[in-house]
Amino acid sequence: MTNEEFANYLFPNVQDVSYYENKYKKRNLKEGAIVTRYAPSPTGSIHMGNLFQAFISKQYARQSGGIFFLRVEDTDQKREVENGIEGIVKDVESFGINFDEGYGIGGEYGPYLQSERGDIYAAYVKYLVAKGLAYPCFCSSSEIDENRTIQESTKERIGYYGRWATCRDLTPDTAKEKIEAGNPYIFRMKSRGDFNKKHVYHDAIKGDLEYPENDMDNVILKSDGLPTYHFAHAIDDHLMGTTHVIRGDEWVSSLPVHLELFDLLGFKTPQYAHLAPLLKKDGDVVRKLSKRKDPEASVRYYHELGIPVDAIKLYLSTVGNTNFEEWYLANPDKNITDFTFQFDKMSVGGTMFDLAKLENISKVYFSVQKADKIYDEVLNYSKQYDLEFANILEHNKDYTISLLNIEREIERPRKDIGAYPSVRKEFWYMYDELFNKEANPYQDIAKNYQYDDLITYMNTIYLSTDTEEEWFGKVKDFAGTHGYAINRKDYKADPSSFKGQVSDFCELIRVMATTKTISPNLYDILKLLGNDRLKKRLELFARQK
Ligand code: GLU
């Protein structure tokens, strides 16, 4: 029996591979356009490393005028979670990363769910068997385990290769007899590689990778009839026209197998780009960000924290390309989409994932947003996570926008908001509903101040009709006539003859109005609070002694 006859015997009813090669036409894209994909297994949710991968893959496709698609790799049914894919798609899309085609969207290269592509994989297994490049293997798992034990004890390489690959040289007739006798089997590729030969592959991110040729007869079709990741990857990325496989570098060790599979199948290899893992500084050690140990590894965590999606994308861009941050600081009015990512500007070894840095980037991001946009987003967030504050915001819309507008849209805007909940945390004192809820809003701070002058000030000076300049002039005059130094020089010369400086008097007003020694511009805050509220606060403040 020839290999071809054997292939027909094994797969009597599958299409010839030429059918699929014709069906899935070469993509008609402009020169230089790249096709990338995100290919999750349906495990329910994604972590930051996956998001980074999807984000980067999308950027490269978009900036080149190419395609970014979604393929679901559900061939490992042990790892599958019910509705797992919906959770993943929701996670990715919640970061505004949209697919041009793929699972749930459609497109000409589907089905995009691997479990629906069984006929396609069978056609290519048949093709390889006919060429003598794949074969059925009858070894049981206990035989494989036995080999492993021997290999371990004799310190030989573990695996199914060379003399260990006992089914490799079965003739088609013998194999057929075994099948007819009811022996279960799987399919393996018939490696042509020589482990003693070295090759160099140029990875788009990692640069030259030297590796020994693969000589393992890896499984391509499992006993459940589903392909292994290796085989499905080669077939799918070939037929779907992927030009760049951007994936985690845990796959680097499988690269020799993948390169050999593309070779056996006669496919052009895509360009691989292996992403360095996200790292975390944990005390003195630097380790991989762990889905299990680190809450910040989960992408949903950031929605809860209230860090805006666009701020996260800025952060991912910053860790994505070493020159992004410099570009963004020089072009704060531009969008991420105006930046061109380059593989050679990506981290090779590991990318430090630093929450403090993310928060800083988020503060910069908030500082350049319009107040009404922040109001809308904080309201949205609060409706989900803080109903009490959502209610307050709804009743104080213009007031809140005016508050958020203080020291905004200027050359150096305030950077005190890092996440949506910061608005409540920083400015709770601006809302009577929250201020009055506190049994003692001033805590111990009032005790530090001498406030008699404040009372006089409050009884004589009106705020709301003054401009800031006029108001400050009056404050200065008042402070000057009540024992405060109105210039630094006088104060420095003889501090003991003054109660303090004008700034100390302003601090007193600020503490009474806000309970804090630091706040946005005092005049704006006082004006927003208004005289009636201030008078009530003064009374409360005075009662604290
Ligand atoms: N399904 C694989 C995973 O979830 C995809 C790897 C790849 O992008 O090729 O790890």
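Each chain has its residues counted from 1, following the order in which its sequence is written. The predicted nature of this model means local features are confined to residues of pLDDT at least 70 and side-chain atom pairs, given and counted, to a pLDDT of 80 or more, with totals for whole chains, interfaces and linings taken over all residues. Only hydrogens and water are removed before side-chain values are computed, so all heavy atoms of the structure are retained for them.

A. Quick peek at the environment of Asn436. Here a helix means four or more residues in a row that DSSP labels H or I, a strand means two or more in a row labelled E, and each is numbered from the N terminus. Structurally, the position occupied by Asn436 is in the loop between α18 (432-435) and α19 (452-460). Each residue is placed in one exposure class: buried if its accessible area under a 1.4 Å probe, protein chains only, is under 20% of its type's maximum, exposed if it is over 50%, and partly exposed if it falls in between. Residue classification places Asn436 among the exposed positions, given a relative accessible area of 57%. Separated by 403 residues in the primary sequence, Asn436 and Ala33 have C-alpha atoms spaced 60 Å apart.

B. Seen up close, the layout of surface pockets. A 1.4 Å probe that fits but cannot get out identifies a cavity on a 1 Å grid over protein atoms alone, an open set with protein on both sides within 12 Å along at least five of seven lines counts as a pocket, and a residue lines either if it has an atom within 4 Å of a point. Grid points are joined across faces, edges and corners, and a volume is the space filled by probe spheres set on the points. By volume, the largest pocket is sized at about 960 Å³. Taken together, 36 residues line the largest pocket, and the ones lying closest to its centre are His47, Asn50, Gln53, Glu250 and Trp251. Mapped onto the lining of the largest pocket, the elements with two or more residues apiece are β1 (35-38), α3 (48-63) and β9 (244-248). Of all the elements, α3 adds the most residues to the lining of the largest pocket, at 4 residues. Classification convention: Asp, Glu, Lys, Arg as charged; Ala, Val, Leu, Ile, Met, Phe, Trp, Tyr, Cys, Pro as nonpolar; all other residues, Gly among them, as polar. Residues of the lining of the largest pocket, tallied by class, amount to 15 nonpolar, 11 polar and 10 charged. One number sums up the size of the second largest pocket: a volume of about 580 Å³. The element best represented in the lining of the second largest pocket is helix α8 (residues 229-239), accounting for 3 residues. Broken down by class, the residue content of the lining of the second largest pocket amounts to 9 nonpolar, 6 polar and 7 charged.

C. Region of interest: the side chain of Gln114. Counting through the fold element by element, Gln114 comes out in the loop between β3 (101-102) and α5 (118-130). Residue class for Gln114 comes out buried when judged on its relative accessible area of 1%. At a separation of 3.2 Å, a polar atom in the side chain of Gln114 contacts the side chain of Glu73. Any pair of N or O atoms that falls within 3.5 Å is considered a polar contact. Within protein, one atom must be able to donate a hydrogen and the other to accept it, and sequence-neighbouring residues count only if both atoms are side-chain atoms.

D. Geometry of the pattern of salt bridges. Salt bridges are defined by distance alone: a side-chain nitrogen of Lys or Arg within 4 Å of a carboxyl oxygen of Asp or Glu. For the structure shown, the criterion picks out 29 salt bridges. Its salt-bridge partner being Arg287, residue Asp282 comes within 2.9 Å of it at the nearest N-O pair. Arg287 gets classed as buried once you look at its relative accessible area, which sits at 17%. As a salt-bridge pair, Asp432 and Arg533 come within 3.0 Å of each other at their nearest N and O atoms. With Asp432 in helix α18 and Arg533 in helix α23 (residues 522-542), the pair connects residues that are 101 residues apart, well separated along the chain. Of the residues examined, Arg533 reaches a relative accessible area of 19% and is grouped as buried. Connected through shared salt-bridge partners, Arg37, Arg71, Glu73, Arg117, Asp236 and Asp237 make up one network.

Such coordinate-based values are descriptive only and should not be taken to indicate function.
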